[in-house]
Amino acid sequence: MKKITFLFVFLLTFAGLSLAQSNVLIIDYNNSFSSDMSNNGSRIYNHLLTTQTSVTRVFSIPGSINVAQYQQVWIFGNMGFPTSATLNPIIAYMNSGGAVYVQSEVSCCNNQAAFVDQLIDSTTIAGGSIIHNLTKSSYYQYDAFPALSCSTITHYGAAVRPFIGTPTKNILFEANPTCGGNITTGDIVGVRFCSGDMISGKGALISNGDFNIFPLNGTCGSVGLMGTPNNTPIIDFIADLLTKLACDTPSTGGQLVLTANPQYFCGSTQLGWTYTPGTGGCGIIGCSTDTTYKWSVVSGEPINVPVNFSCDTCPYPIASPSIVTTYMLTITVGDTNACNQGVSAQIPITVYPMTVPFSLPITYSTDCNGNMNMSLTSYQGSLQWQISTGGGPFTNIPGANAGTYAQNAATGDCFRVEITSPCGTAYSDTVCQGILTPPIPGNVTQTADCQGNVSLNLTGYVGDLQWQSSAGGGPWTDISGANLDSLLQSGVATGDCFRVKVATACDTVYSDTACAVIPTFPDTGQIGYIPNCTGTINFWVTGTDGDLQWQTSTGGGPWTDISGATTDSIAQPGVSSGDCFRVMVYTVCDTVYTDTVCMGTLTPPVPGNVTYTADCQGNVSLNLNGSFGDLQWQSSAGGGPWTDISGATLDSLYQSGVVTGDCFRVKVATICDTLYSDTACIVIPTYPDTGQIAYEADCKGNVDLWVTGTNGNLQWQVSLAGGPWTDISGATTDSVSQSGISTGDCFRVMVYTVCDTVYTDTVCPTMFIGPIADFSASPPGNSQSNVPVTFTDNSTGNIVSWTWIFGDNSPAGNTHIPNPTHTYHNTGIYYVTLIVEDANGCTDTVTIPYIVDTLPGNHLIIIPNVFTPNGDGDNDFLVFKNLEQFNNHLQVYNRWGTLIYEATNYKNGWDGEKYSEGTYYFLLDVYFEQQGEPERFKGNITLLR
């Protein structure tokens with residue numbers, strides 16, 4: 001394509017680049033890949049500091065960027081794989097008009113390449129299919145950086161992966177290697193997009209490789225360093241180009257005007273054109289253009305190259321038409337460095353070949369005083385105005401040789417222009433003075449029928465007539481052939497208007513305007529009413545068109561007018577069952593009647609009550625009892641809106657597929673009112689879920705069981721030693737405690753609803769009978785200090801471990817043998833504890849006080865370790881010897897820490913109530929003195945039956 005430089009494309013050279021200062025935000029991912037801070041010593045940042053209004057550096061992409069605060073954003077480094085968190089803030093910033101530079105050095109980092117590709121896809125029209133080549137990468141040499149003059153594409157090189165699919169107009173830099181490598185001449189290494197390419201019509205984007213592609217000198221296999229003479233111009237170039245690309249100012253298009261020299265000719269003329277650039281927008285950046293021309297014919301003689309047209313794709317062809325011809329020129333200007341995609345214009349010019357005869361029109365105006373003002377335009381040659389008086393021959397008017405001429409003329413005087421040129425002599429058309437009588441507009445009358453036929457008449461007028469119409473308030477247009485004083489029009493609608501243009505040579509006036517009102521046919525409408533049981537009914541009618549008259553028919557009798565009832569609503573008292581009402585609607589075109597409404601039995605409705613039965617399959621039978629009125633069953637699915645059940649108008653209803661929570665009611669209506677029954681919300685019987693049993697057993701034959709995940713009523717059952725299953729009396733909750741259980745006893749739960757009965761899994765607890773701790777002392781008590789005491793183990797069970805605690809904080813010593821000997825060195829009461837463990841790991845503990853150097857008898861509290869409340873009269877109560885002499889407070893706990901018994905000033909009277917056998921724990925506070933703190937006794941006690 002030919003490269004042409006036009007007047008309307010200005011030169012932009014690098015040396016003359018005008019730097020526009022901006023507020024810049026640098027986003028520098030400070031890492032080892034293409035970071036200005038880590039790789040380039042902040043050289044770009046430092047240079048921008050000296051050339052821009054302000055520069056702010058951050059180290060990740062913010063959640064939002066204010067375009068009023070930052071006019072440019074520069075991004076360096078590896079931001080990781082692109083995500084919405086990194087892309088969306090930049091997209092939003094560009095859509096607000098912001099300009100973005102991304103250093104997409106991809107010889108190291110796929111993430112940068114993916115980020116730039118997704119940013120282009122998300123914001124630009126031209127870049128929808130542009131991607132990075134993810135495999136090409138090589139060092140190579142390049143042209144020295146020029147002054148960015150008028151070359152279409154600037155050639156440079158770098159170790160990059162080039163862009164693929166970039167439109168020519170969006171190329172910023174392309175490769176030009178001189179020493180081999182994978183990258184070849186023409187690979188795109190830098191792209192740019194301006195507001196014209198953006199989907200939003202705003203913003204700008206530039207992306208290319210590292211600035212190291214621009215050193216003054218370099219070798220194959222190495223790249224130059226930042227700070228070389230070319231870097232500073234490149235930074236300035238990109239900063240200024242971003243500002244120009246990001247413009248979003250509305251622009252006005254340029255104007256293309258076609259010319260012919262000469263315009264009137266006797267053979268041929270050269271066609272030409274001039275162009276005036278528009279204002280605003282991005283303007284044109286650079287000076288290289290790709291321009292095409294195409295001449296065509298709008299009307300007249302077709303182009304035949306080279307017979308009558310020298311070249312239809314040239315800017316300035318020679319045209320030689322034989323008849324009047326209108327030409328059109330289409331110019332497309334494509335600027336490779338511009339924001340826009342080109343300029344095109346289509347403007348016609350008419351060229352007249354000067355052949356004989358040749359006629360041109362005269363324009364003129366006249367008044368009622370006989371003055372005529374005339375002019376002739378678009379001529380070539382010399383002029384001579386001529387006059388014909390009263391129909392006589394045309395004669396020259398002396399001195400009338402200009403394009404305009406004015407003269408007072410009488411009725412019938414005519415004028416023309418003689419045009420003389422080298423091609424010959426021609427005459428204009430002829431204009432004559434009319435009758436000098438002022439027009440009189442007159443008055444319009446009209447009649448209209450119901451079919452839209454209108455008869456119009458104009459009276460009292462003077463002048464020539466032309467009827468005009470305006471459809472529904474639209475523009476006035478002449479009615480073809482309507483030049484008489486009467487007019488018949490059909491298909492007229494209300495609002496169509498008519499007038500008459502009355503003209504003489506003096507003036508043109510208009511009659512008054514007649515706007516048609518077409519009589520309408522009546523619309524029947526519909527009657528509505530609010531029924532009640534008071535005898536007075538409010539009626540209304542809607543959708544009518546015409547005059548109204550309410551009528552009534554009492555008890556089936558004849559229709560009669562209701563006096564004064566001529567509006568669209570009435571209140572009628574004394575209405576009875578069977579009375580009927582209608583409305584007569586009439587216009588001049590016709591009379592019609594609305595529908596008829598008749599009163600039913602004026603009895604209030606009775607809503608009644610709903611009952612239902614449901615089975616396990618979701619089938620429900622419903623019944624309404626005690627109602628009066630018309631019925632309509634309604635349903636609400638799971639608390640949703642109420643809807644009518646089609647055809648459900650009887651007092652019973654059967655529904656399937658019902659689920660728990662679906663509700664039903666009945667709308668009961670009479671003419672008096674509408675009421676609703678009570679609501680029945682359905683509970684569908686459920687099938688039972690079996691659940692799972694868990695348990696916990698101790699060493700005393702006690703077991704606690706519980707079940708989870710069941711759905712239904714429960715009944716615990718037991719099978720003793722493999723025997724039949726029997727119900728456990730009263731065991732109907734989700735947990736149960738059992739005592740006296742042996743290994744081989746099994747448990748299950750029967751779970752049942754009205755729908756079915758199922759059983760849980762069976763559990764057979766493994767039970768252990770634990771030991772019972774007991775011991776004796778010799779001497780038995782009240783011994784002297786420093787006297788050895790022998791403790792003898794009297795525990796039952798297969799004991800394998802003993803732990804003795806002598807109560808005087810003595811070291812362990814011989815505390816793990818069955819029968820230890822211990823010496824107390826001080827007098828007092830010592831609480832001796834024995835903990836025994838059998839071969840199954842079951843343990844038991846007993847604590848017995850031992851007295852050294854006998855204390856007063858009333859301070860000796862004997863702690864039991866077992867009691868047997870079995871009714872045999874022997875050890876049936878929990879007894880603390882000597883306790884009755886002192887104020888005290890007793891608390892008893894089960895093995896799970898639950899308080900089961902409590903007494904103040906306990907009198908040794910607790911028989912264990914109905915608690916099962918096992919080990920229990922006590923806290924006993926004894927007040928040996930009237931004042932002061934109590935002494936606390938604690939331990940465990942075994943209950944045996």
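Residues numbered from 1 in each chain as written. Predicted model: local features only at pLDDT ≥ 70, side-chain atom pairs only at ≥ 80, totals over all residues. Heavy atoms only, no water.

(A) Main features of the overall build of the chain. A tally of helices and strands in the chain yields four helices and 67 strands. Scored against the burial criterion, the 945 residues of the chain give a buried share of 44%. When contacts within the chain are restricted to residue pairs at least 6 apart in sequence, long-range pairs at least 24 apart make up 60% of them. Carbon and sulfur atoms make up 52% of the accessible area of the chain, which totals about 43,900 Å². (Helix = DSSP H or I, 4+ residues; strand = E, 2+ residues; numbered from the N terminus. Buried < 20%, exposed > 50% of the residue type's maximum accessible area, 1.4 Å probe, protein only. Contact = heavy atoms within 4.5 Å. Areas by Shrake-Rupley, 256 points an atom, 1.4 Å probe, with all protein chains shown as cover.)

(B) Local environment of the layout of surface pockets. Estimates place the volume of the second largest pocket at around 260 Å³. Looking at the second largest pocket, it is lined by 17 residues, and the ones nearest its centre are Asn-894, Trp-896, Tyr-915, Ser-916 and Tyr-920. Those elements giving two or more residues to the lining of the second largest pocket turn out to be β51 (703-708), β54 (735-738) and β66 (918-927). Ranked by residue count, the leading element in the lining of the second largest pocket is β66, at three residues. For the lining of the second largest pocket, the per-class residue count stands at five nonpolar, eight polar and four charged. (1 Å grid on protein atoms, 1.4 Å probe; cavity = no way out; pocket = protein on both sides within 12 Å on 5 of 7 lines; lining within 4 Å. Points joined across faces, edges and corners; volume = space filled by probe spheres on them. Nonpolar A, V, L, I, M, F, W, Y, C, P; charged D, E, K, R; others polar.)

(C) The arrangement of the packing of aromatic side chains in detail. Throughout the structure, instances matching the rule amount to 26 aromatic pairs. A ring pair is formed by Phe-775 and Trp-804, whose centres lie 5.2 Å apart and whose planes are at 75 degrees; its orientation type is edge-to-face. Remark: Trp-804 occurs in strand β59 (residues 799-805) and Phe-775 occurs in strand β57 (residues 775-778); sequence separation between them is 29 residues. For the pair shown, Phe-775 and Trp-804 are each scored as buried. (Phe/Tyr/Trp six-rings, centres within 6.5 Å; stacked < 30°, edge-to-face > 60°.)

(D) Fine view of the confidence of the model for the chain. Considering every residue of the chain, the mean pLDDT works out to 82; 84% of them sit at 70 or more. Between residues 213-230, whose pLDDT stays under 50, and residues either more than four places distant or in other chains, the model counts 43 contacts. Predicted confidence is poor over residues 854-858, with pLDDT under 50, and the contacts of this stretch with residues over four places away or in other chains come to eight contacts. (pLDDT = per-residue confidence, 0-100.)

(E) Looking closely at the sheet that holds strand β46 (residues 652-655). Ordered by their spatial adjacency, three strands build an open sheet running β42-β43-β46, and the pairing between neighbours is antiparallel. Looking at strand neighbours, the two that pair on one side only are β42 (609-614) and β46, the edges of this open sheet. Each strand of the sheet is rotated relative to its neighbour by a mean of 15 degrees, with strand direction disregarded. Taken together, the six bridges between β42 and strand β43 (residues 620-625) define a ladder with antiparallel strand orientation. In the sheet register, Thr-611 faces β43, and the bridge partner there is Asn-623. (Pairing = 2+ DSSP bridges. Axes fitted to C-alpha atoms, helices over the stretch in contact; angles between N-to-C directions.)

(F) Region of the structure containing the packing of helix α2 (residues 84-95) against helix α3 (residues 110-123). Packing of α2 against α3 leaves a shortest axis separation of 10 Å and a crossing angle of 45 degrees. When the axes of α2 and α3 are compared, the pair comes out oblique. Our pair here, α2 against α3, has a crossing hand that is right-handed. Of α3, the residues touching α2 (which contributes Thr-86, Leu-87, Ile-90, Ile-91 and Met-94) are Phe-115, Gln-118, Leu-119, Ser-122 and Thr-123. For the contact of α2 with α3, the residue count by class is six nonpolar, four polar and no charged. (Parallel < 35°, antiparallel > 145°, perpendicular 65-115°, else oblique. Left-handed = near helix turned anticlockwise from the far one by under 90°.)

(G) Main features of the side chain of Gln-632. In this fold, Gln-632 is placed in strand β44 (residues 630-636). The exposure class assigned to Gln-632 is buried, which follows from its relative accessible area of 15%. Polar side-chain contacts of Gln-632 include one of 2.9 Å to the backbone oxygen of Ile-645. Residues in contact with Gln-632, not counting those within four places in the same chain, are Asp-644, Ile-645, Ala-648, Thr-649, Arg-665, Val-666 and Lys-667. (Polar contact = N/O pair within 3.5 Å; in protein donor to acceptor, adjacent residues only side chain to side chain.)

(H) View of α3. Compared with the 20 Å implied by 1.5 Å per residue over 14 residues, the 20 Å span of α3 between its first and last C-alpha is a close match. Gln-112, Ala-113, Ala-114, Phe-115, Val-116, Asp-117, Leu-119, Ile-120 and Thr-123 are the residues of α3 that are buried. (Expected span 1.5 Å × (residues − 1).)

(I) Structural detail: the state of the cysteines. Tallied over the full model, the rule gives 10 disulfides. At a sulfur-sulfur separation of 1.9 Å, the disulfide partner of Cys-580 is Cys-598. Where Cys-580 bonds to Cys-598 through sulfur, the torsion about that S-S bond is close to 110 degrees, and the disulfide is right-handed. Here Cys-598 lies in strand β41 (residues 597-598) and Cys-580 lies in strand β39 (residues 580-586), a separation of 18 residues in the sequence. Cys-580 sits in the buried class, given a relative accessible area of 11%. (Disulfide = S-S within 2.5 Å.)

(J) Here's a closer look at the sheet that holds β51. Reading across from one edge, β50-β51-β54 is the order of the three strands in this open sheet, with antiparallel pairing throughout. Both edges of this open sheet fall to β50 (692-697) and β54, since each of them pairs with a single strand only. The sheet shows a mean angle of 20 degrees between the axes of neighbouring strands, direction not considered. Relative to β54, β51 runs antiparallel, the two sharing four bridges.

(K) Region of the structure containing the pairing of β43. On β43, burial follows the alternation: Val-620, Leu-622 and Leu-624 on one face are buried, whereas Ser-621, Asn-623 and Asn-625 on the facing-out side are not. Judged from the four bridges that link them, β43 and β46 form a sheet pairing that is antiparallel. Bridging across to β46, Ser-621 finds its partner in Tyr-654.

(L) How the structure looks around the pattern of salt bridges. Under the criterion given, the structure shown has five salt bridges. Arg-895 is paired through a salt bridge with Asp-698; the nearest N and O atoms lie 2.5 Å apart. Here Asp-698 lies in the loop between β50 and β51 and Arg-895 lies in the loop between β64 (887-893) and β65 (899-904), a separation of 197 residues in the sequence. A relative accessible area of 8% means that Asp-698 is categorised as buried. (Salt bridge = Lys/Arg side-chain N within 4 Å of Asp/Glu carboxyl O.)

(M) Looking closely at unusual backbone geometry. At the junction of Val-305 and Pro-306, the peptide bond is cis and its omega measures out at 5 degrees in the coordinates. Within the secondary structure, Pro-306 sits in the loop between β14 (289-299) and β15 (318-319). Geometrically, the link from Ser-778 to Pro-779 is a cis peptide bond, its omega value of -5 degrees lying close to zero. With phi around 55 degrees, Asn-905 is a residue other than glycine that occupies positive phi space. Position of Asn-905 among the secondary structure elements: in the loop between β65 and β66. Classification of Asn-905 as partly exposed rests on a relative accessible area of 30%.

(N) Structural detail: helix α1 (residues 43-51). Those residues of α1 lying buried are Ile-44, Tyr-45, His-47, Leu-48 and Thr-51. The buried residues of α1 all sit within an arc of 165 degrees when viewed along its axis, so they share a single face. (Arc of directions from axis to C-beta.)

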